[in-house]
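Here are the chains, one letter per residue:
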Amino acid sequence: MADFSQGEAAFPPDRPEDERGLLERLLSPRVGRMLWRNTVVSCSVFMVGLGVLYALVQEGGFPEVPAAGIGFLVANSLHYVLGRAWIFRGTDRPPAAGYALFLVNASVGLAVTMLFYAALLEWTHLHYLTARVIVSVFAGLVVFVLNAVFNFRQV
């Protein structure tokens with residue numbers, strides 16, 4: 001019997017991948033490991049994006065909003081490179097198309113973030129930073145699933 005603990009194969013031989021539902025595939029240990037790697041990368045590139053924002057505003061004299069956009073693009077570009085190499089190894093999507101779809105998925109995440117963040121601030125008494133962290137978890141999961149299923153096609 002094969003050892004699947006190290007991710008050699010995504011599914012046991014008696015149960016082909018195409019016979020499992022999306023939810024069952026998403027809840028697999030293999031996808032859990034991808035989600036963990038994604039979490040490490042997401043937190044790291046978020047800090048890079050904040051650093052770019054800070055440097056542009058404090059040291060470069062840029063206006064805050066354009067600087068935030070540049071930070072977002074830098075962080076997401078780095079996330080894509082690390083995602084392709086470490087999180088979603090083995091993707092067959094061409095890099096340029098994958099990057100474009102990654103940015104589309106990131107935009108969906110941004111929309112989810114803004115919508116739910118505004119809702120939490122409007123309808124709860126949560127501190128704005130607490131609300132932002134809560135929303136980030138859900139938006140991050142949405143973007144992870146979009147990338148895992150549609151972009152990198154690993155689920």
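Further up the page is the structure itself.
Remember, predicted model here, so these are calculated numbers, not experimental data. (Residues numbered from 1 in each chain as written. Predicted model: local features only at pLDDT ≥ 70, side-chain atom pairs only at ≥ 80, totals over all residues. Heavy atoms only, no water.)

J.: Got a minute to help me understand the overall build of the chain in this structure?
T.: Tallying secondary structure elements over the chain gives 5 helices and 0 strands in all. Mapped in sequence order, the helices and strands of the chain form the string α-α-α-α-α. When the 155 residues of the chain are sorted by exposure, 31% land in the buried category. Long-range contacts, defined as pairs at least 24 residues apart, comprise 58% of the intrachain contacts of the chain with a sequence gap of at least 6. Accessible surface for the chain amounts to roughly 9600 Å². Of this, 70% is attributable to carbon and sulfur atoms. (Helix = DSSP H or I, 4+ residues; strand = E, 2+ residues; numbered from the N terminus. Buried < 20%, exposed > 50% of the residue type's maximum accessible area, 1.4 Å probe, protein only. Contact = heavy atoms within 4.5 Å. Areas by Shrake-Rupley, 256 points an atom, 1.4 Å probe, with all protein chains shown as cover.)

J.: Just checking my understanding: could you explain the nonpolar core for this structure?
T.: In globular proteins that are soluble, nonpolar side chains generally tend to be buried together. Judged by nonpolar contacts, the single largest core of 14 residues is most densely connected at Met34, Phe88, Phe144 and Val155. Examining the composition of this core, we find that 4 residues originate from one element, helix H2 (residues 29-59), more than from any other. When near neighbours in sequence (up to four residues on either side) are disregarded, Phe144 contacts Val31, Met34, Leu35, Asn38 and Phe88. (Core = buried A, V, L, I, M, F, W, Y, C linked by side-chain atoms within 4.5 Å.)

J.: What am I meant to see in H2 here?
T.: Residues spaced three or four apart along an α-helix face the same direction, because each turn holds 3.6 residues. For H2, with 31 residues, the first-to-last C-alpha span of 44 Å sits near the 45 Å given by 1.5 Å per residue. Looking at the buried side of H2, the elements it contacts are helix H1 (22-26), helix H3 (64-87) and helix H5 (128-151). (Expected span 1.5 Å × (residues − 1).)

J.: Can you help me understand the environment of Val155 in this one?
T.: Residue position: Val155 is located in the segment after H5. For Val155, a relative accessible area of 10% gives the class buried. As a C-alpha pair, Val155 and Leu23 span 132 residues in sequence and 9.7 Å in three-dimensional space.

J.: When you look at the environment of Phe144 in this model, what are you seeing that I'm missing?
T.: Within the secondary structure layout, Phe144 lies in helix H5. Phe144 gets classed as buried once you look at its relative accessible area, which sits at 4%. Taking the C-alpha atoms as reference, Phe144 lies 9.3 Å from Gly109; in sequence the two are 35 residues apart.

J.: Sorry if this is basic, but what is going on with the pattern of salt bridges here?
T.: Oppositely charged side chains may form a pair once their charged atoms are brought near each other. The final tally for this structure, using the stated rule, is 2 salt bridges. Arg20 is paired through a salt bridge with Glu24; the nearest N and O atoms lie 3.6 Å apart. Take Arg20: its relative accessible area is 13%, and that puts it in the buried class. Across the salt bridge formed by Asp92 and Arg153, the nearest N and O atoms sit 3.1 Å from each other. Of this pair, Asp92 sits in the loop between H3 and helix H4 (95-123) while Arg153 sits in the segment after H5, and the two are 61 residues apart along the sequence. We classify Arg153 as partly exposed; its relative accessible area is 41%. (Salt bridge = Lys/Arg side-chain N within 4 Å of Asp/Glu carboxyl O.)

J.: For this particular structure, what's the right way to read a nonpolar patch on the surface?
T.: Among the surface-exposed residues, Val48, Phe62, Ile70, Val74, Leu78 and Leu82 lie close enough to one another that they form a single nonpolar patch of about 400 Å² accessible area. Broken down by element, the residue count for the nonpolar patch peaks at 4 residues, all from H3. Tracing the backbone shows Val48 in helix H2. A residue is classified by how much of its surface remains accessible, and Val48, at 33% relative accessible area, is partly exposed. (Patch = residues over 30% accessible without salt bridge, like charges linked within 9 Å, V, L, I, M, F, W, Y side chains within 5 Å.)

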